[in-house]
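# Descriptive analysis of the structure
The chain contents come next:
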Amino acid sequence: MNQWEVVIGIETHAQLATVSKIFSGAATAFGAEPNTQACAIDLAFPGVLPVLNRQAVECAIRFGLAIDAQVAAKSVFARKNYFYPDLPKGYQISQFDLPVVQGGALTVQVGSGEQAYEKTIRLTRAHLEEDAGKSLHEDFHGKSGIDLNRAGTPLLEIVTEPDMRSADEAVAYARALHALVRWIGICDGNMQEGSFRCDANVSVRRPGAPLGTRREIKNLNSFRYLKEAIEYEIRWQIETLEDGGSIQQATVLFDPDSGETRMMRSKEDAHDYRYFPDPDLLPLTIGDDWIARVRSELPELPAQKRQRFMADFGLSAYDATTLTASQEIADYFEATVAAAGTGAAKPCANWVMVDLAARLNKDGLEFTQAPVTPAQLGGLVARIVDQTISNNIGKKVFEALWNGEGASADAIIDAQGLKQITDSGAIASLVDEVLAANAANVAEYRAGKEKAFNALVGQVMKAAKGKANPQQVNALLKAKLDA
């Protein structure tokens, strides 16, 4: 691998959060009966004309501002003349020479711990277009069915420069983009429903050599598949070249069952699509006042919030990135810190990222569905920070809050008598009792066996029913053993 450089670019189709299609008034809701959300415009009846959806344009403006791109004062729609069996008019309306968003960048966090680093991915463009319908082959016994509900659904196609050099960087970018489009409210990000799907252009070259021939992996609808598909494609291309073969430009599909890519068709270039301006749509003009209004309505963006979390709360870049993975997580964390106190920000972050996230994942819930409110979790963290309870006892209190056994951490602590023992005299008495009853462990420790110390700590905590302050137990036990 050190003898090869990987080059990756990503094209993402984000379905825009509009209630109607990009050129018609038909609905865009997911899950409707086939062909119940396709009107005369979607079906290309003679004499019908497309009318541009203003809300779709506003979504594009929001995205352009969020990535610090240029929002074009004038952009043009074109007809993409490539055979679409699931678009009745036989062509797709898209943008080519003059897209609505040009340039911009997205900075992402790659990896974690000491190996983590930031990477800025340049964006080439983002343009508006319509989605195609869906061909159905499985249930028609040698025939194909067609569902045109998606035909005309508004998409924003977001295209990067070939700036990524590994599958990990590609996934980090895709995750950050997914978070951003949800954050600014232009896409629901539901990958299972096809609202956010990625195409990965992958090539390899010798370091310093010109770009290699790329192969495009189409319609990847999960971050795991994106990573697996790119890693397989990299291996396949390197092995092919090292065996003396050549790479042919192609569009490929990823089979998650086999973990392999397979060729779908030879890759087309722009001239194959025969783009020309759509005569039925006027150029799109976006004035400065429209851009200014949209800019004023943007929320604090993930990158800005990430920097604030690091500056105000002293969080690491990794923690701040994790906590800004979605607006819901960030809001939950901030509300938890507000309840616990700014000085408890780091333990709040740990509880949100580890304990709460694990329990939500186990129960298949989103952050907005958590039975434990931010105020309740903040109250729990505050009792751990002020040493009213230990972290282990905190886990019991969290479980009780999750199960609705009390209105607050304080109420559960009082009802179950969980306050931590911090009286040094009481702890010293427990230590003396344990040392007297465990002479063998004492002898092993003094003979140099460190594991014996942990056994003695466990005995003291058992005698205290888990309520003794762990730091005090360790300090007093060590002092008596080493005396």
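See the structure shown above.
For the structure given in this document, a descriptive report is provided here. (Residues numbered from 1 in each chain as written. Predicted model: local features only at pLDDT ≥ 70, side-chain atom pairs only at ≥ 80, totals over all residues. Heavy atoms only, no water.)

## A look at the overall build of the chain
Counting its secondary structure elements, the chain contains 16 helices and 17 strands. Against the 2.2 N^0.38 benchmark of 23 Å for 483 residues, the chain shows a C-alpha radius of gyration of 29 Å, more extended than a compact globule. Referenced to the eigenvectors of the C-alpha coordinate spread, the extents of the chain come out at roughly 95 × 55 × 50 Å. Residue burial in the chain is summarised as follows: out of 483 residues, 47% are buried. (Helix = DSSP H or I, 4+ residues; strand = E, 2+ residues; numbered from the N terminus. Rg over C-alpha atoms; globule rule 2.2 N^0.38 Å. Buried < 20%, exposed > 50% of the residue type's maximum accessible area, 1.4 Å probe, protein only.)

## Observations regarding the nonpolar core
Ranked by size, the top nonpolar core spans 70 residues in total, and within it Phe63, Leu128, Ile158 and Ile230 carry the most contacts. It is helix H2 (residues 167-183) that contributes the most residues to this core, 9 residues altogether. Here Ile158 is in contact with Ile10, Glu11, Thr12, Ala14, Phe63, Leu123, Arg125, Ala126, Tyr173, Leu177 and Val181, once residues within four sequence places are set aside. Formed by 39 residues, the second largest nonpolar core is a distinct cluster that contains Phe309, Leu323, Val381 and Leu401. (Core = buried A, V, L, I, M, F, W, Y, C linked by side-chain atoms within 4.5 Å. Contact = heavy atoms within 4.5 Å.)

## Side note on the side chain of Arg79
Take Arg79: it is sitting in strand E4 (residues 77-80). Taking relative accessible area as the criterion, Arg79 reaches 14% and is therefore assigned buried.

## Describing the pattern of salt bridges
Charged atoms that come close allow side chains of opposite charge to pair. For the structure shown, the criterion picks out 28 salt bridges. Where Asp355 meets Lys395, a salt bridge forms, and the shortest distance between an N and an O atom there is 2.9 Å. Remark: Lys395 occurs in helix H11 (residues 391-402) and Asp355 occurs in helix H9 (residues 345-363); sequence separation between them is 40 residues. Among the ionic contacts, a cluster of salt bridges with common partners joins Glu300, Lys305, Arg308 and Glu334. (Salt bridge = Lys/Arg side-chain N within 4 Å of Asp/Glu carboxyl O.)

## Looking at the sheet that holds strand E5 (residues 92-95)
The antiparallel open sheet is built from 3 strands, whose spatial order is E5-E4-E16. Here the strands that pair on one side only, and so sit at the sheet edges, are E5 and strand E16 (276-277). Here E4 pairs with E5 via 4 bridges, running antiparallel. Paired with Ala78 across the strands is Ser94, a residue of E5. (Pairing = 2+ DSSP bridges.)

## A look at the side chain of His13
Among the structural elements, His13 can be located in strand E1 (residues 5-15). In this structure His13 comes out as buried when scored by relative accessible area, which is 9%. Here the side chain of His13 touches Glu129 through a polar contact of 3.2 Å, side chain to side chain. If near-sequence neighbours (up to four positions away) are discounted, His13 is found in contact with Glu129, Leu155, Leu156, Glu157, Ser195, Phe196, Arg197 and Asp199. (Polar contact = N/O pair within 3.5 Å; in protein donor to acceptor, adjacent residues only side chain to side chain.)

## Points about the environment of Leu435
If you trace the backbone, Leu435 turns up in helix H13 (residues 424-437). C-alpha of Leu435 to C-alpha of Leu477: the two residues are 42 residues apart in sequence and 8.6 Å apart in space. Look past the residues within four positions of Leu435 in its chain and what remains in contact with it is Val442, Leu456, Leu477, Lys480 and Leu481.

## What to know about the packing of helix H15 (residues 451-463) against helix H16 (residues 470-482)
At a minimum axis distance of 10 Å, the contact between H15 and H16 shows a crossing angle of 125°. Between H15 and H16, the angle is such that the two are oblique. Here H15 runs over H16; the crossing is right-handed. Residues Phe453, Leu456, Val457, Val460 and Met461 of H15 lie in contact with H16, whose contacting residues are Pro470, Val473, Asn474, Leu477, Lys478 and Leu481. (Axes fitted to C-alpha atoms, helices over the stretch in contact; angles between N-to-C directions. Parallel < 35°, antiparallel > 145°, perpendicular 65-115°, else oblique. Left-handed = near helix turned anticlockwise from the far one by under 90°.)

## With respect to the packing of helix H8 (residues 327-340) against H9
Between H8 and H9, the least distance of the axes is 9 Å, while the angle of their chain directions is 135°. Put simply, H8 runs oblique to H9. In terms of crossing hand, the pair formed by H8 and H9 is right-handed. The segment H8 lies against H9, with Ile329, Tyr332, Phe333, Thr336, Val337 and Ala340 engaging Ala345, Cys348, Ala349, Val352 and Leu356. Taken together, the residues of the contact of H8 with H9 break down into 10 nonpolar, 1 polar and no charged. (Nonpolar A, V, L, I, M, F, W, Y, C, P; charged D, E, K, R; others polar.)

## Side note on unusual backbone geometry
A positive phi is found at Asn219, a non-glycine position, where the angle reads about 55°. Within the secondary structure, Asn219 sits in strand E13 (residues 215-220). A relative accessible area of 44% places Asn219 in the partly exposed class. Phi angles above zero are rare outside glycine, and Gln387 is one such case at about 65°. By the element assignment, Gln387 lies in the loop between helix H10 (374-385) and H11. Judged by relative accessible area, Gln387 falls into the partly exposed class, the value being 41%.

## As for the packing of aromatic side chains
Scanning the entire structure with this criterion turns up 9 aromatic pairs. Their ring planes at 80° and their centres at 5.6 Å tell us that Phe313 and Phe333 sit as a pair that is edge-to-face. You can see Phe313 sitting in helix H6 (residues 302-313) and its partner Phe333 sitting in helix H8, a full 20 residues away along the chain. Like Phe333, Phe313 is buried. With centroids separated by 5.7 Å and ring planes inclined at 50°, the aromatic side chains of Trp351 and Phe398 adopt a geometry described as tilted. With Trp351 in helix H9 and Phe398 in helix H11, this pair connects stretches of sequence that are 47 residues apart. Like Trp351, the residue Phe398 is buried in the burial classification. (Phe/Tyr/Trp six-rings, centres within 6.5 Å; stacked < 30°, edge-to-face > 60°.)

## With respect to the state of the cysteines
Summed over all chains, the structure comprises 0 disulfides. With no disulfide of its own, Cys187 lies closest to Cys59 among cysteine sulfurs, the gap being 9.1 Å. (Disulfide = S-S within 2.5 Å.)

## Brief notes about H10
For H10, which comprises 12 residues, the first-to-last C-alpha distance of 16 Å matches the rise-based estimate of 16 Å (1.5 Å per residue) to within 8%. If you follow the buried residues of H10, they end up packed against H8, H9, H11 and helix H12 (409-416). Of the residues one or two after H10, Gln387 is the one with positive phi, at around 65°. (Expected span 1.5 Å × (residues − 1).)

Treat this as a map of the structure, not an account of what it does.
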